[in-house]
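# Coordinate analysis (summary)
Here's the letter readout for the chains.
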Amino acid sequence: MALQPMKKLYLCFLWHMHQPYYKNPYTQTFEMPWVFLHAIKDYYEMPWHFSRYEKIKATFNLVPSLIKQLYEYIENPDSCHLIKTFKKPVKTLTEEEKNYVLDISFNANLNTMVKPFERYYQLYLKKHSSTAKFTHQELTDLQVLFLLSWTGNYLRENNELVKNLLNKKAGFTHQDKVDLINQLTQFLKEIIPFYQKLQSDRKIEVSTTPYYHPIIPLLIDLTSAKEALPNITLPKVKVNFKDDAELQVKNAISFYQEIFESKPSGFWPSEGSVSNDTLKLFSQYNIKWTASDEDILFNSLGNKNLESLYKVYKYEGVYLFFRDKYLSDAIGFRYQNLDEKQAVKDFITRLKYIHEKVDFNPVVSVILDGENAWEFYKNNGKDFFDSLYTELSNQDWIEVITFSQVLKKDIVVENLNSIKAGSWIYGNFSTWIGHPEKNTAWEYLSQAKQVLESEKENKNYKKAKEYLLIAQGSDWFWWYGDDHFSHYADRFDLLFRLNLQKVYEKLGKDIPTNLLKPIKKLYKQLILRQPTGYIKPIIDGYVSNYYEWLHSGEVDLKFDLSSMTFDTILEKLYYGYDEENLYLRLDGKVESITDKGYKLKVSILATCEIDFTFPLQSTLYENNGLKACSKKVIEIAIPLKLFSCRNFDLSFTVLENDKIIEKLPVYSVLNIDISQDFTYDWIV
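Residues numbered from 1 in each chain as written. Predicted model: local features only at pLDDT ≥ 70, side-chain atom pairs only at ≥ 80, totals over all residues. Heavy atoms only, no water.

For Ser273, the location among the structural elements is in the loop between strand 4 (266–267) and helix 15 (276–284). Only 2.5 Å separates the side chain of Ser273 from the backbone oxygen of Ser270, close enough to count as a polar contact. Among all residues touching Ser273, those that are not within four sequence positions of it are Ile215, Ile216, Pro217, Thr278, Gly422, Ser423 and Phe429. (Helix = DSSP H or I, 4+ residues; strand = E, 2+ residues; numbered from the N terminus. Polar contact = N/O pair within 3.5 Å; in protein donor to acceptor, adjacent residues only side chain to side chain. Contact = heavy atoms within 4.5 Å.)

Right under this line is the structure:
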C-alpha cells in the first residue's frame, strides 16, 4: 500500500517595500529622507536575512516609484535635502539648517536605535534639557550617530568604515561624516542588483504595484467606496480616472520589465485595495496573481470561516491570496515586545493549529510592510528573523515558498463569483476618501485632470500627466483628515499640491489659488486635553465622582494604531498633579488584568530616568509613597519627590510573568509637562 504524502503547510511571505515620491517638482529636492534611510537599514537587509537560509524563500514587493527614487539617489545624492545639509561643515550651517539637523537627527527609535549608542543617548538627554545649546562637535557627533543608528546589520558587519566609526563611538570629524555619507550612498548601488540576483537564483520572487501606489479601485470608480461603506460621503468630481488606473498598471509593468528583464507574475495592489474592476484590469494585463486582506475575503464570502482563508481563489483568471491578519500583524506590531524565542513559538504554534485544523494543504499568506516595523525590534529584527527562519527550516511539515511557486503545488483553488471592494485597512477605503480633507484633495485632483484632458494637443501634455499620476499616490490622502498623525503631514500636503500646481504650469495655465493654500487643517492628537488645574483623586480604582478628574489632561493611547486590527488593553490615559503627586488613571479592559498576576510598569524618561513597577490588584498597593489600585480603572499616585524632571516622556508596559504583553504608546512619544503652577487656580 502506497504511503500517503505528508500534508504540507505552504507559508508565503510578502514583504512590501514602498515610499511615496518625495521629490519636490520645483526644487528637484527630496523633501524627506526616508528612501535613503530605509535603503541603508532595510532594503538590502531584509532579503539578506533569509538569503542565508537554504529552505526559506519569499516574495518582495518593490513599488516602481521606490525603485525610481533609489536610482535618482544614485545619480545625484545631493538631491536629498538631508544629505546635502549633512555634507556641510556644521560651523557653516545657518540657524535654520541647525534646527533642521536637531529635528531630523532624533528621528530614531529611542530604545533600539538611540540608547545603544552612549554618546547619542547623552545628546538625546541634552536635547530634552533646559540647556539644549549644541556645540559644533556635538552637532557633528549627532549627525554621524544618527546615520550609524540607521545602518542595518549587513553594513555593520561588512563595511569597514561603519565598523570603525561604531568603535570610535564619539569625537567624529567632518571628514568622518563625509566619508560615511559617501560610502552609504555608494551602497545604494548594490540594492537592486541583489534583488535581481536572488530572483534569477529562484530564491525570491519580486512582485510590483501600480506605479505611484494609487488606490486603483477608486481611480476606476470612486463609488466603489460605497460597497463597504454605503453611507460614505464622496467628493464632487466631474471626471473619472479609469484611464489613469490603466496607465499606472501599464507603466509599472514596463518599468519592471526594464529592471528585471521579464514581466511580473504578481501584483500587490496598493494597500491591498481590490474590486471586481481592478481584478479585470489585472487580468487584461496578464497578471497571474494578486493578494489582499482576509477581511476582503470574508466580506466577499459573507462568512468568517477561518478554513476558507487558507485556500487560493480565482477571479477572471487571476489567482487571489488573502493575508492571515493575526500572523501578519503579529510580526508587524506584537512581536517587537516579546523575546524572539517566545515570539517564534507563538508563530509556529499558530501555524501548527492551522495545519491540524484543515484537511487539505493550507496556504498561509503573511503579508506586511517590509521596512517600518524593524526599528521597534532590537538589533533591527535580526535576532527575531534568525530565530524565525531557523525554526521554520526545522519543520518538515512547513514549506516556505513564493506565491508563484505555491501555485504549482497540490493546493485547493476555488472560483470567486465576485469580490467586495475594499483594502487591508478596515476592509474599506475610508483611509483615502470620505473625510472633508480627503475629499477636497480628490476634488483638486479632478479639477486638474479636467484641465489636463482638455489640453491633449499641448506639447507638454505627457509631462503634465506625469505630475497628475504622482498626485494620485495613496500616501497624500492617507495623511489628510484626523485618522493618522505625522510630524511631516504639512510636507505631504505641500508635495501633493505642488505636483498639481506643476500640472497647470506645464500646460501654461494659471495655477488655481486654492492650490496655494494648505488642505491640511485637522491633526490627530495624542494629547486630547492638557491639565487645567490641580487634582487630588482618591486612589481606589473607581472614578468616585465627576469632579475627581475634571481638570486632568486626557491622552488617546491608541492614537497611532489606526492600521492595527487588534484591541489594546489600555485605551485612555488621564493625568494630573498637585504640589505633591503625579496622578495617572488608565481606562480600558482593566478588569481583564486585575488580580490575575499582571504588573504595570510606568516609565519616566527625560533628564531623569526612572521606572515604577507594581502589581495590578484590587487592594491598595503602597510602596515608598506610591499608591496604585486597579478595579474599573487603574489609578496611580506617584510622589513628585521620587523624580526630579517636570517635563518628560511617559510610557506604560503591561507585564505577565515579566513578559511584555503590551506597551503604549507603540510608535509615538508621549511628552508630559507638569511644570505649570495652578496654586491660585485650585478650587477644592
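There's more to say after this.
Core analysis: the largest hydrophobic core is formed by 191 residues, its most contacted members being Leu11, Phe13, Trp15, Ile331, Phe347 and Leu392. Those residues within four positions of Phe13 in sequence are excluded, and the remaining contacts are Ala58, Thr59, Ile331, Phe347, Val366, Leu388, Tyr389, Leu392, Val400, Ile401 and Phe403. (Core = buried A, V, L, I, M, F, W, Y, C linked by side-chain atoms within 4.5 Å. Buried < 20%, exposed > 50% of the residue type's maximum accessible area, 1.4 Å probe, protein only.)

This part is about the side chain of Glu437. Mapped onto the elements of the fold, Glu437 is located in helix 21 (residues 436–453). From its side chain, Glu437 meets the backbone nitrogen of Lys521 in a polar contact 2.6 Å long.

Okay, the pairing of strand 16 (residues 609–615) next. Walk down a regular strand and you will see the side chains alternate between the two sheet faces. The sheet contact formed by strand 15 (residues 598–605) and strand 16 spans 7 bridges and is antiparallel. The residue of strand 16 that forms the bridge with Leu600 is Phe614. Counted between consecutive antiparallel strands, the loop separating strand 15 from strand 16 contains 3 residues. (Pairing = 2+ DSSP bridges.)

The subject of this paragraph is helix 15. Along helix 15, the residues that are buried comprise Asn276, Thr278, Leu279, Leu281 and Phe282. Looking at the packing, one finds that the buried side of helix 15 touches helix 13 (216–220), helix 14 (242–260), strand 4, strand 5 (289–293), strand 6 (312–315) and strand 7 (318–323). Trailing helix 15 by a residue or two, Asn286 shows a phi angle of about 60°, which is positive.

Before going further, it helps to spend a moment on helix 18 (residues 340–357). Helix length check: helix 18 (18 residues) gives 26 Å between terminal C-alpha atoms against 26 Å at 1.5 Å per residue, within 8%. Tucked into the core, helix 18 has its buried residues touching strand 1 (9–17), helix 17 (325–334), strand 8 (363–369), helix 19 (382–393) and strand 9 (398–400). Measuring from the side-chain oxygen of the N-cap residue of helix 18 to the backbone nitrogen of Lys341 gives 3.0 Å; that N-cap residue is Asp339. (Expected span 1.5 Å × (residues − 1).)

A few words on the packing of helix 21 against helix 24 (residues 489–507). For any two helices packed against each other, one specifies the inter-axial angle together with the distance between the axes. At a minimum axis separation of 10 Å, helix 21 and helix 24 run at an interaxial angle of 15°. Compared by their axis directions, helix 21 and helix 24 come out roughly parallel. Once helix 21 is placed against helix 24, the crossing between them reads as left-handed. For the pair helix 21 and helix 24, contact is made by Ala441, Tyr444, Leu445, Gln447, Ala448, Val451 and Leu452 and by Phe496, Leu500, Val503, Tyr504 and Leu507, respectively. Among the residues making up the contact of helix 21 with helix 24, the classes are represented as 11 nonpolar, 1 polar and no charged. (Axes fitted to C-alpha atoms, helices over the stretch in contact; angles between N-to-C directions. Parallel < 35°, antiparallel > 145°, perpendicular 65-115°, else oblique. Left-handed = near helix turned anticlockwise from the far one by under 90°. Nonpolar A, V, L, I, M, F, W, Y, C, P; charged D, E, K, R; others polar.)

On to the pairing of strand 3 (residues 204–207). Side chains of strand 3 alternate between two faces, with Ile204 and Val206 and Glu205 and Ser207 buried alike. Sheet analysis places strand 2 (residues 58–62) next to strand 3, joined by 4 bridges and oriented parallel. Counterpart to Asn61 in the pairing with strand 3 is Ser207.

The next thing to look at is unusual backbone geometry. Residues Leu664 and Pro665 are joined by a peptide bond in cis, for which omega reads -10°. Within the secondary structure layout, Pro665 lies in the loop between strand 21 (659–664) and strand 22 (671–673). At Glu261, a residue that is not glycine, the phi angle is positive and equals roughly 60°. Relative to the helices and strands, Glu261 resides in the loop between helix 14 and strand 4. Unlike most non-glycine residues, Asn624 shows phi in positive territory, near 55°. Here Asn624 lies in the loop between strand 17 (621–623) and strand 18 (626–630). Looking at Asn624, the relative accessible area reads 55%, which means it is exposed.

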